[in-house]
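Here are the chains, one letter per residue:
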Amino acid sequence: MLREGASAWILINYYRDNPHCHQWSELLAVSTQLLSGEEWAGLFRGAGFSNVAQKRIVDRSPSPESYSGRWFRDAAQLCAFKAEGALLVSGTK
């Protein structure tokens, strides 16, 4: 619940416009939908939000030279994911 004039902000790492996260669907323990930034913005508008905006937040933090985690194939894919950035969606109620 938001009072009139309040805003909601969501930072999303798993979204269609960043192809370097698409393999995550196989790793997640819950059912997900891979939506684009515009689809997320549409959900906000459909929920009655105005001043809906979306933008990417690039991660400029240092990346390791090698990567052996479960989310990315290798360090190059991690770097590419960070360069595309997370999706920030906001709107005012």
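What comes next concerns the included structure. On a predicted model such as this, the values are computed, not experimentally measured, just so you know.

Criteria and cut-off values
- Residues numbered from 1 in each chain as written.
- Predicted model: local features only at pLDDT ≥ 70, side-chain atom pairs only at ≥ 80, totals over all residues.
- Heavy atoms only, no water.
- Helix = DSSP H or I, 4+ residues; strand = E, 2+ residues; numbered from the N terminus.
- Buried < 20%, exposed > 50% of the residue type's maximum accessible area, 1.4 Å probe, protein only.
- Arc of directions from axis to C-beta.
- Contact = heavy atoms within 4.5 Å.
- Phe/Tyr/Trp six-rings, centres within 6.5 Å; stacked < 30°, edge-to-face > 60°.
- Lys NZ or Arg CZ within 6 Å of the ring centre and 35° of its normal.

As for its position among the elements, Ser36 is in the loop between β1 (7–12) and α1 (37–46). Using a relative accessible area of 12% as the deciding quantity, one classes Ser36 as buried.

By secondary structure assignment, the location of Thr32 is in the loop between β1 and α1. On the basis of relative accessibility, which here comes to 33%, the residue Thr32 falls in the partly exposed class. Put simply, Thr32 and Tyr14 are 18 residues apart on the chain and 9.2 Å apart in space, counted from C-alpha to C-alpha.

Time to look at α1. Turning to α1, its buried residues are Gly37, Ala41 and Phe44. With its buried residues spanning 55 degrees around the axis, α1 presents them on a single face. Each element contacted by the buried residues of α1 is listed here: β1, β2 (50–57) and β3 (86–92). Where α1 ends, the next residue or the one after it, Gly48, has phi of about 95 degrees, a positive value.

What follows concerns the packing of aromatic side chains. Across all of its chains, the model carries seven aromatic pairs by this definition. Each ring, one from Tyr14 and one from Trp24, has its centre 6.3 Å from the other, and the planes form 15 degrees; the classification is stacked. Here Tyr14, found in the loop between β1 and α1, pairs with Trp24, found in the loop between β1 and α1; they are ten residues apart in sequence, far enough to count as distant. By relative accessible area, Tyr14 is classed as buried at 13%. For Trp24, a relative accessible area of 9% translates into the label buried. With centroids separated by 5.3 Å and ring planes inclined at 50 degrees, the aromatic side chains of Trp24 and Phe81 adopt a geometry described as tilted. Note that Trp24 is positioned in the loop between β1 and α1 and Phe81 in helix α2 (residues 75–84), a separation of 57 residues in sequence. Each member of the pair, Trp24 as well as Phe81, is classed as buried. Through a chain of ring-to-ring contacts, the aromatic side chains of Tyr14, Trp24, Tyr67, Trp71, Phe72 and Phe81 assemble into a single cluster. Across from the ring centre of Trp71, 4.6 Å away, lies the NZ or CZ of Arg70, which sits over that ring. For Lys93, the ring lying beneath its charged end belongs to Phe49, and the centroid distance is 5.0 Å.

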